[in-house]
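As a plain string of letters, each chain reads:
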Amino acid sequence: MINIDERKRIKRILDGRREEFGYFVNRYSQDIIDFTHRMVDNISDAEDLAQDSFVKAYRSLSSFDGRSSFYTWLCRIAYHESLNFLNRRKRYCILATDESLIESEVLDDELSTGKEERIERMEEAINSLNPDEQMLINLYYYDDLPLREIAFIMDVEPNALATRLHRIRKKLLIMIKQKEK
């Protein structure tokens, strides 16, 4: 849910005090740049996508209903802007991963031995996923967002997202086992 301060700011913006939107830009710009950069590998493209997301959020502010936090709503916009960009450019993103994340959360117990080769295989497998799958893995494991928020960002039902996440983990396990052969 949206906090009271942000709700008041949104009301003032909608009442004509456009300069109030600067609060949201200052508060969330780096987070949105980081978010979009996880989907596109070029920081300049990520910055452009973040800017486009803020513009779209400003223009659509009257449709913000407060069912989510403003940040989650903004991430949803940035997510769709990034997907549209990738579809236009037919480029794939590279998920920046952290070895401890791979070992402790993504890998099955059977695979979490900590060996460098397995970590490299996991990184390769994640990088071969489509951008949508990479973002789901990233939001769930790296950003530690609850499925409910990810579902809102990705515009998918939470149960369907949980199923998708399960399938992606199975897919990663199969890809890694194939590379071990």
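Residues numbered from 1 in each chain as written. Predicted model: local features only at pLDDT ≥ 70, side-chain atom pairs only at ≥ 80, totals over all residues. Heavy atoms only, no water.

### Topic: the overall build of the protein chain
Worth spelling out the cut-off: Numbering of helices and strands runs from the N terminus; a helix is a DSSP stretch of H or I covering at least four residues, while a strand is a stretch of E covering at least two. Remark: exposure states derive from per-residue accessible area (1.4 Å probe, protein chains only) relative to the maximum for the residue type, with buried under 20%, exposed over 50%, and partly exposed in between. Contact definition: two residues touch when any of their heavy atoms are within 4.5 Å. Here the open area of atoms and residues is found with the Shrake-Rupley method and a 1.4 Å probe, where only the protein chains shown may cover a residue.
For the protein chain, the helix and strand inventory stands at nine helices and zero strands. Out of the 181 residues in the protein chain, the part that is buried amounts to 43%. A separation threshold of at least 6 residues defines the contact pool for the protein chain, and within that pool the share at least 24 residues apart is 66%. Summing over all exposed atoms, the protein chain offers an accessible surface of approximately 10,200 Å²; the carbon and sulfur share of this is 44%.

### Some points on the confidence of the model for the protein chain
Heads up, the condition is: The score called pLDDT rates the predictor's confidence residue by residue, from a low of 0 to a high of 100.
Across the protein chain, the average pLDDT comes to 80, with 81% of residues at 70 or higher. Here residues 90–113 scores under 50 on pLDDT; set against residues more than four positions off or in separate chains, the count is 57 contacts.

### Comments concerning helix α8 (residues 147–154)
Looking only at α8, the buried set comprises Ile 150, Ala 151, Phe 152, Ile 153 and Met 154. At the exit of α8 stands Asp 155, carrying a positive phi of roughly 60 degrees.

### Observations regarding helix α2 (residues 21–37)
Stated formally: Helix span, expected: 1.5 Å multiplied by one less than the number of residues in the helix. Note that bend, as reported per residue, equals the angle between axes fitted to the 7 residues terminating at that residue and the 7 residues originating from it.
Between its terminal C-alpha atoms α2 stretches 23 Å, which fits the 24 Å expected from 17 residues at 1.5 Å a residue. For α2, the principal kink sits at Tyr 28 and spans about 55 degrees. Taken together, the buried positions of α2 are Phe 21, Phe 24, Tyr 28, Ile 32, Ile 33, Phe 35 and Thr 36.

### Focus on the pattern of salt bridges
Short version of the rule: Any carboxyl oxygen of Asp or Glu within 4 Å of a side-chain nitrogen of Lys or Arg constitutes a salt bridge here.
Scanning all chains against the criterion turns up eleven salt bridges. As a salt-bridge pair, Asp 15 and Lys 11 come within 3.0 Å of each other at their nearest N and O atoms. The burial state of Asp 15 is the same as that of Lys 11; both residues are exposed. Between Lys 171 and Glu 133 there is a salt bridge whose closest N-O contact spans 3.1 Å. A residue pair is termed long-range when its members are at least 10 positions apart, and Lys 171 in helix α9 (residues 158–180) and Glu 133 in helix α7 (residues 131–142) qualify at 38 residues.

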